[in-house]
Amino acid sequence: MPLGEAVNIEDLRLLAKRRLPRAIFDFFDGGAEDEVTLRENRAAFERVRLLPRVLVDVSKVDTGIDLLGKPSSLPLAIAPTGGISAGRFGAELILARAAKAWGVPFTMATPSAFSIERVAEEVGGRLWFQLYAVRDQEFRRNLVSRAKNAGYEAILVTVDLPVSGKRERDPRNGFHTPYSPNWRNSRDVIFKPAWALDMLRNGLPGMANLVGYPFSTPLGTDIVTAVGREMDAGLDWEYIKRLRGEWPGKLLLKGVERPDDAERAAAIGCDGVVVSNHGGRQLDGAAATLDALPQISRTVGKRLTVLLDGGVRRGVDILKARALGAQAVLTGRATLFGAMAGGEAGAHRALEILSSELVRSMQLSGVRSAAEIGPELLSF
Ligand SMILES: Cc1cc2nc3c(=O)[nH]c(=O)nc-3n(C[C@H](O)[C@H](O)[C@H](O)COP(=O)(O)O)c2cc1C
């Protein structure tokens, strides 16, 4: 199936699967343990029913919103995804370029193959930085000041990863970072030639932002262990308070599912929260983000920017998330699969699919602008 014939995100997922070695596809696609939360994120979207309004002039609709004080052409930003250049060299740059072209923010992950500075210099656009609170405090402070000097607008501190989730597909597949070819996965050189050629040409990716980091586990152990062991399990609200003092830009907590945590974020002076369970990759059994959203939105929605991620695969999901109280969504796998399926053209295709589906679902619901999407569209 050529890229242009991909009619939805699932088609892009299948194209990505065809191109990638199994270990890498599974690292992107999979979740923790029994993948209950991974499935629930989707199921929650599928449970929502709408009550479309009729006889509204929807010949023109406006999907734009104000997102953290600046315009965004869609109620969407690209979520941080680490380790993605293992699937296609330059994946972070590809996604950042597509985000810039579409006028939406791109979130750069701490474990990225390209540095904070390089993405800012080479691409620019609206850039947010996702901070993993690694144990080495000096290193962590340095990441924050690098993001500041490079002109990033926002920091999203990931708070749902005091330790890494148990993602069982990775050890089964022998997923390593850096990817180390062995007799088992070297079959991929034959069966996944496009990926193999890409890696032979460009070399296997590292983690540019973590160069010089004093890893306690030698690199070459599985990714969950290597990066996961560096997370500061002692991280608490005191750190967020300190960070608020160090970071003048927008500050969001990513990975909040409880209204009392959102309330505390507001009290400390955060600008927003991302209702997220890390795409079902951390606590298996955590609530679907769309189910957790309404209470959080009721509690802090007037004071904080409330974003949501997890399971967004359709334009109508963006409409549903807004109707339930999110200002915008973050897309992880949806845009990632696009980039894996077809590089920059694939990332564009993913955004084009989501955007055109959103426009259509707005028209079919009788709303003319993203601002008009509200709870009255929901059928209970
Ligand atoms: C391959 C992959 C890598 C990820 N890496 C990170 C990361 O480095 N930091 C982070 O905060 N979240 C990370 N996430 C979680 C995403 O930011 C986001 O919360 C999640 O993908 C949303 O769910 P969705 O994929 O269903 O859209 C990652 C997700 C995936 C799929």
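Since we're looking at a predicted model, the values are computed, not measured. (Residues numbered from 1 in each chain as written. Predicted model: local features only at pLDDT ≥ 70, side-chain atom pairs only at ≥ 80, totals over all residues. Heavy atoms only, no water.)

Further remarks concern helix α4 (residues 91-102). Note that an α-helix has 3.6 residues per turn; residues three or four places apart therefore point the same way. Under the 1.5 Å per step criterion, the end-to-end length of α4 is 17 Å for twelve residues, consistent within 8% with the ideal 16 Å. Contact partners of the buried residues in α4: β4 (76-78), β5 (106-108), α5 (116-122) and α15 (333-365). Positive backbone phi, at 75°, marks Gly 103, one or two positions downstream of α4. (Helix = DSSP H or I, 4+ residues; strand = E, 2+ residues; numbered from the N terminus. Expected span 1.5 Å × (residues − 1). Contact = heavy atoms within 4.5 Å.)

The subject of this paragraph is the side chain of Asp 11. Mapped onto the fold, Asp 11 is located in helix α1 (residues 9-19). No salt bridge is formed by the buried Asp 11, whose closest oppositely charged neighbour, Arg 349, lies at an N-O distance of 7.4 Å. (Buried < 20%, exposed > 50% of the residue type's maximum accessible area, 1.4 Å probe, protein only. Lys, Arg positive; Asp, Glu negative; His and termini not counted. Salt bridge = Lys/Arg side-chain N within 4 Å of Asp/Glu carboxyl O.)

This brings us to the packing of aromatic side chains. Going through the model one piece at a time under the given rule, you end up with six aromatic pairs. Seen in terms of ring centroids, Phe 89 and Phe 114 are 5.6 Å apart; in terms of plane orientation they differ by 70°. Their pairing is edge-to-face. With Phe 89 in the loop between β4 and α4 and Phe 114 in the loop between β5 and α5, this residue pair connects regions lying 25 residues apart in the sequence. You can call Phe 89 partly exposed: its relative accessible area is 32%. A residue is classified by how much of its surface remains accessible, and Phe 114, at 4% relative accessible area, is buried. Put simply, the rings of Phe 139, Tyr 213 and Phe 215 touch in pairs and so form one group of aromatic residues. Above the plane of the ring of Tyr 239 lies Arg 140, whose end atom (NZ or CZ) is 4.4 Å from the centre. Cation over ring: Arg 281 sits above Phe 27, and NZ or CZ is 5.0 Å from the ring centre. (Phe/Tyr/Trp six-rings, centres within 6.5 Å; stacked < 30°, edge-to-face > 60°. Lys NZ or Arg CZ within 6 Å of the ring centre and 35° of its normal.)

These figures come from the coordinates and say nothing about function on their own.
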